[in-house]
Structures are given as structure tokens and as C-alpha cells.
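Residue strings, one per chain:
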Amino acid sequence: KMNLSTMTKSFLLFMTQEKRINLFPMVYKEVIVMDDHKKGFLRGTIEGASDNVDEAFQKTITTYLKEKLGIEPNFNFKKNNNLTAGYRVTVEDLQLDASLDNQLNKFKEEILNN
């Protein structure tokens, strides 16, 4: 009914027969990531306490990641009410946490360990 290709039907049948259909979301995500890499960019998320991301911060983090990873990041902004201030940037496995909460936790750990 969905007009899927033969390869897709075979893949889904195989996943079902091997009782691995629960892994399908991870496989799907990995295929999307591979396609993004092929197209020359990475998907990422910027989380912040405010309603939108500061343009200067987004430009700075985009430039930084492009230099470090050698590929253009493409960000979506997500409001996170659990953050007091600052931003948390996630791109694939990499997470840069520049939030006030993270800095306070590190400070607390440093004091407790000394």
C-alpha cells in the first residue's frame, strides 16, 4: 500500500523475522546522518533558556564547529526551561555545554573535591 521499494520491503521483513524491528529507529537515524554527511552538513540543536538564540552566539559556534569538524553545522533552536542561562549545543555525539547550570555544577565539584 505504501509503494516501498523491493529493497526496503526486504529490509523490513528481515528486521521483523530477526526480531530486530525495535532497532529500526536507530537505523533510520543513522541513515539520515549518513545522508547529511553526503550532502555536506551536520544537524545539531542549540538549547537555551530564552525564546530564541543570540545571532552572535550562533555565528560564533557555527564558525567554531566548521573549523573543528570541517563540515557545515545546521542548527535548530529548542527552548529548555531547565536551563537557567546560557546554551547547550549538541551535534551528533559532541555536546558543548556553556550553560550557567553546568558551570555551577563544575564549581561545586571543584570545591567538594578540594
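For clarity, every value in this text was computed on a predicted model and none was experimentally measured.

Enquirer: Any chance you could explain the overall build of the protein here in plain terms?
Expert: A tally of regular secondary structure across the protein gives four helices and four strands. Rg of the C-alpha trace for the protein: 19 Å, well past the compact-globule value of 13 Å for 114 residues, more than 25% over. Within the protein, buried positions represent 21% of all 114 residues. Taken as a whole, the protein presents about 9100 Å² of accessible surface, with 54% of it coming from carbon and sulfur. Mean positive and mean negative side-chain charge positions of the protein (16 and 16 charges, respectively) differ by 9 Å.

Enquirer: How should I be thinking about the nonpolar core in this particular structure?
Expert: In terms of nonpolar packing, the biggest core is built from 10 residues, these being Leu42, Ile46, Val53, Ile61, Leu65, Ile71, Phe75, Tyr87, Val89 and Val91. Every element with two or more residues in this core is listed here: β1 (41-48), α3 (55-69) and β3 (86-91). For this core, the leading source of residues is β3, giving three residues.

Enquirer: Honestly, unusual backbone geometry in this entry has me stumped. Any pointers?
Expert: Trans is the common state for peptide bonds, and a negative phi is the common state for residues other than glycine. In this model, Lys19 sits at a positive phi of 55°, which is unusual for a non-glycine residue. With respect to the helices and strands, Lys19 occurs in the loop between α1 (6-17) and α2 (24-39).

Enquirer: Is there a simple way to explain the sheet that holds β1 in this structure?
Expert: Backbone-to-backbone hydrogen bonds pair the strands of a sheet. The strands run either parallel or antiparallel. In space, the four strands of this open sheet follow the order β2-β1-β3-β4, with mixed pairing throughout. Looking at strand neighbours, the two that pair on one side only are β2 (72-79) and β4 (94-99), the edges of this open sheet. Mean inter-strand twist for the sheet, computed between neighbouring axes without regard to direction, equals 20°. One ladder, built from six bridges, connects β3 with β4; its direction is antiparallel. Looking at the pairing, Arg88 lines up with Asp97 of β4. Where α3 meets the sheet, its contacts fall on β1, β2, β3 and β4, and the angle it forms with β2 comes to roughly 140°.

Enquirer: What should I look at first to understand the packing of aromatic side chains in this one?
Expert: Each aromatic ring pair is summarised here by two numbers: the centre-to-centre distance and the angle between the ring planes. Tallying each qualifying case throughout the model produces two aromatic pairs. Ring centres 6.3 Å apart and planes at 45° place the aromatic pair Phe11 and Phe24 in the tilted group. With Phe11 in helix α1 and Phe24 in helix α2, this residue pair connects regions lying 13 residues apart in the sequence. In this structure Phe11 comes out as partly exposed when scored by relative accessible area, which is 30%. Following the ring pairs from residue to residue traces out a cluster consisting of Phe11, Phe24 and Tyr28.

The rules we used
Residues numbered from 1 in each chain as written. Predicted model: local features only at pLDDT ≥ 70, side-chain atom pairs only at ≥ 80, totals over all residues. Heavy atoms only, no water. Helix = DSSP H or I, 4+ residues; strand = E, 2+ residues; numbered from the N terminus. Rg over C-alpha atoms; globule rule 2.2 N^0.38 Å. Buried < 20%, exposed > 50% of the residue type's maximum accessible area, 1.4 Å probe, protein only. Areas by Shrake-Rupley, 256 points an atom, 1.4 Å probe, with all protein chains shown as cover. Lys, Arg positive; Asp, Glu negative; His and termini not counted. Charge placed at Lys NZ, Arg CZ, Asp CG, Glu CD. Core = buried A, V, L, I, M, F, W, Y, C linked by side-chain atoms within 4.5 Å. Pairing = 2+ DSSP bridges. Axes fitted to C-alpha atoms, helices over the stretch in contact; angles between N-to-C directions. Contact = heavy atoms within 4.5 Å. Phe/Tyr/Trp six-rings, centres within 6.5 Å; stacked < 30°, edge-to-face > 60°.

Everything listed here is a matter of coordinates, which is why it stays silent on function.
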